[in-house]
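Spelled out, the chains give:
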Amino acid sequence: MKKILILGIESSCDETSVAIVEKNQKGKVRVLSNITKSQLDVHLKYGGVVPELAARAHSEIIDQIILMALKKAKVKLNQLSAIAATAGPGLLGGLLVGVVSAKTLSSILKIPFIAVNHLEGHALSVLLEQKIDFPYLLLLVSGGHTEFTVVNKFNKYERVGTTLDDAIGEAFDKTARILRLNYPGGPEIEKYALKGDPYKYKLPQPLIYEKNCHFSFSGLKSAVAQVASKNKINSQFKKDMAASFQKTIAEILKLKTKSAIKLFKAKHKNSFANIIVAGGVAANQYLRKELLNIENEYHCQFYFPSIKLCTDNGAMIAYAGLVRYEKNLVNKLNFKPKPRWPLDKNATFLKGKRIVNE
Ligand code: KG4
Ligand code: ZN
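Residues numbered from 1 in each chain as written. Chains lettered and ligands numbered in written order. Predicted model: local features only at pLDDT ≥ 70, side-chain atom pairs only at ≥ 80, totals over all residues. Heavy atoms only, no water.

Participant: How should I be thinking about the sheet that holds strand 5 (residues 113-117) in this particular structure?
Facilitator: To summarise the sheet geometry, strands pair through backbone hydrogen bonds and adopt either a parallel or an antiparallel arrangement. Taken in spatial order, the five strands make up an open sheet running 3-2-1-4-5, and their pairing is mixed. One side of each edge strand has no neighbouring strand; the edge strands of this open sheet are strand 3 (29-38) and strand 5. Taking each pair of neighbouring strands and ignoring which way they run, the sheet shows an average axis angle of 20 degrees. In the sheet, strand 2 (residues 15-23) pairs with strand 3 via nine bridges, with the strands oriented antiparallel. What sits directly across from alanine 19, in strand 3, is asparagine 34. The strands touched by helix 2 (residues 51-73) within the sheet are strand 1 (4-10), strand 2 and strand 3, with strand 2 carrying the most contacts at an inclination of about 25 degrees. With respect to the sheet, helix 12 (residues 314-326) is in contact with strand 1, strand 2, strand 3, strand 4 (82-88) and strand 5, its orientation differing from that of strand 1 by roughly 135 degrees. (Pairing = 2+ DSSP bridges. Helix = DSSP H or I, 4+ residues; strand = E, 2+ residues; numbered from the N terminus. Axes fitted to C-alpha atoms, helices over the stretch in contact; angles between N-to-C directions. Contact = heavy atoms within 4.5 Å.)

Participant: Looking at this model, I keep getting lost on the nonpolar core. Mind explaining?
Facilitator: It is characteristic of soluble globular proteins that their nonpolar side chains tend to be buried jointly. Among the nonpolar cores identified, the biggest contains 51 residues, and Phe245, Ile249, Leu253 and Val277 are the most heavily contacted of them. Of all hydrophobic cores here, the second largest spans 34 residues; its members include Leu128, Tyr136, Tyr157 and Tyr303. (Core = buried A, V, L, I, M, F, W, Y, C linked by side-chain atoms within 4.5 Å. Buried < 20%, exposed > 50% of the residue type's maximum accessible area, 1.4 Å probe, protein only.)

Participant: Explain the coordination of the zinc ion (ligand 2) here, please?
Facilitator: By definition of the ideal shapes, four donors in a tetrahedron about a metal sit 109.5 degrees apart, and six donors in an octahedron sit 90 or 180 degrees apart. At this site the zinc ion (ligand 2) is bound by His118 (NE2), His122 (NE2) and Asp312 (OD), with donor distances of 2.1 Å. Of note is the zinc ion (ligand 2), whose four donor atoms meet at the metal with angles of 93 to 145 degrees in an arrangement that counts as irregular. Each donor residue of the zinc ion (ligand 2) lies on one chain, and together they are spaced H-x3-H-x189-D. Remark: histidine 122 and histidine 118 occur in helix 4 (residues 118-125); sequence separation between them is four residues, near one turn of the helix. For the pair histidine 118 and histidine 122, a shared accessibility class is recorded, and that class is buried. (Donors = N, O, S within 2.8 Å, 3.2 Å for Na, K, Ca; no water. Tetrahedral: all angles 85-135°; square planar, octahedral: opposite > 155°, others 65-115°.)

Participant: Honestly, the domain arrangement of the chain in this entry has me stumped. Any pointers?
Facilitator: By a widely used convention, the size of an interface equals the accessible area lost when the partners come together. The domains assigned to the chain are domain 1 (4-124 + 309-326) and domain 2 (132-304). The straight-line distance from the C-alpha centre of domain 1 to that of domain 2 is 27 Å. With 17 residues of domain 1 at the interface, the matching set in domain 2 holds 19 residues. Between domain 1 and domain 2, a total of about 1500 Å² is buried, with carbon and sulfur atoms accounting for 67% of that surface. A per-residue breakdown of the area domain 1 buries against domain 2 is headed by Leu119, Ala123 and Cys310, which together make up 33% of the total. Across the domain 1-domain 2 interface, the total number found is zero salt bridges. Summed over the shared surface of domain 1 and domain 2, the result is four residue pairs in polar contact (both at pLDDT 80 or more). (Domains from an automatic or database assignment. Buried area = accessible area lost by both parts, 1.4 Å probe. Salt bridge = Lys/Arg side-chain N within 4 Å of Asp/Glu carboxyl O. Polar contact = N/O pair within 3.5 Å; in protein donor to acceptor, adjacent residues only side chain to side chain.)

Participant: When you look at helix 9 (residues 285-292) in this model, what are you seeing that I'm missing?
Facilitator: All of the buried residues along helix 9 are Leu287, Arg288, Glu290 and Leu291. Projected down its long axis, helix 9 carries its buried residues within an arc of 165 degrees, all on one side. Where helix 9 begins, the side chain of asparagine 284 points an oxygen toward the backbone nitrogen of tyrosine 286, at a separation of 3.0 Å. (Arc of directions from axis to C-beta.)

Participant: Is there a simple way to explain helix 5 (residues 168-178) in this structure?
Facilitator: Since the α-helix packs 3.6 residues into each turn, any two residues three or four apart lie on the same face. When helix 5 is considered as a whole, its buried residues turn out to be Ile168, Gly169, Ala171, Phe172, Asp173, Thr175 and Ala176. Those residues of helix 5 that are buried lie in contact with strand 6 (136-141), strand 7 (146-153), helix 6 (185-193), helix 7 (218-229), helix 8 (235-268) and helix 9.

Participant: What is the right way to look at the packing of aromatic side chains in this model?
Facilitator: The geometry of two aromatic rings is summed up by the distance between their centres and the angle between their planes. Applying the stated criterion to the full structure yields seven aromatic pairs. Here tyrosine 201 and phenylalanine 237 contribute two aromatic rings whose centre-to-centre distance is 5.4 Å and whose plane-to-plane angle is 65 degrees, an arrangement assigned as edge-to-face. Separated by 36 residues along the polypeptide, tyrosine 201 in the loop between helix 6 and helix 7 and phenylalanine 237 in helix 8 bring together distant segments of the chain. A relative accessible area of 17% places tyrosine 201 in the buried class. With relative accessibility at 3%, the residue phenylalanine 237 sits in the buried group. On the numbers, 5.5 Å between centres and 15 degrees between planes, the contact of phenylalanine 215 with phenylalanine 217 is stacked. Of the two residues, phenylalanine 215 and phenylalanine 217, neither departs from the other in class, the shared state being buried. (Phe/Tyr/Trp six-rings, centres within 6.5 Å; stacked < 30°, edge-to-face > 60°.)

If you want it as structure tokens, here you go:
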């Protein structure tokens, strides 16, 4: 077996990240480097990501991050087997920076270019660290996406649930903004919640009585805003609301995950389900613990990537690129980035739809 070295670029949102992943002659996969520069400082004062500023910040630093990743991995450009880059979904300006850099390297080095779907990167990320057999259920919880997808095998994705409005990370970020906490809101809410009373405020749990696996989070955020408008946003309020919000999210996630497990088992005539939880929100320790609580009753096992592989990173893109490279799923240089690019191409666009007992 020949050694494979893939350079992966991630620039779909507010992290510029480049990694080198190796598969050695014995078939062992290792992350040799994974360098991430967050744009937190650029977007902090706006309370969210500003697309034009994000694109500029990626373009200013991408070449340096590529060089740093090569140096840390002790790999020379001419040793690389292929270049992978996130080509969607995400913010077009950022995607263009990553994709154009990858295409340039690919054409100079005369090695394949691989366009990676960001969601596939998240879906496979945990496989860099743990062996899990297909099929599995993916619960993807990030700043831009919230979905249940059955991963039947590599490249065969079937979405069985999605959010009808806000993504779960977006709900964390918007709630944090209402509470005058910093961006990104997820880690802030988690920190404040540690010292708050999760039973202090009763918040709505949208769609929990519907027997489908879909989510809705926009009403929850509005409820937080309503309570906040009647209270002084002092330290105690922030802590109690953060704890109440996080608990509500956990309840919704558990309920919907139970439905998704049933559906998964019925589809695969299995009595056991492996569930991979991926994306930035999967970094939340409280949510992890709460999900683990249903393992015994629901005969399933949860897998979480390590924290550095939960939020956006080049390693998951390089790894998805590696799997694609081995299957000869490479792309032409005229491949255009896709700001919208569902993993399951047959999935219908449900944002803004009202679904009753689907
Ligand atoms: O996967 P990711 O890095 O980017 C997207 O693809 O969207 O996810 C970013 C999201 C943000 O909304 C952020 O607030 C959330 O993940 N997040 C968290 C935590 N860490 C990051 N949410 C809850 N708890 C956390 N510890
Ligand atoms: Zn992501």
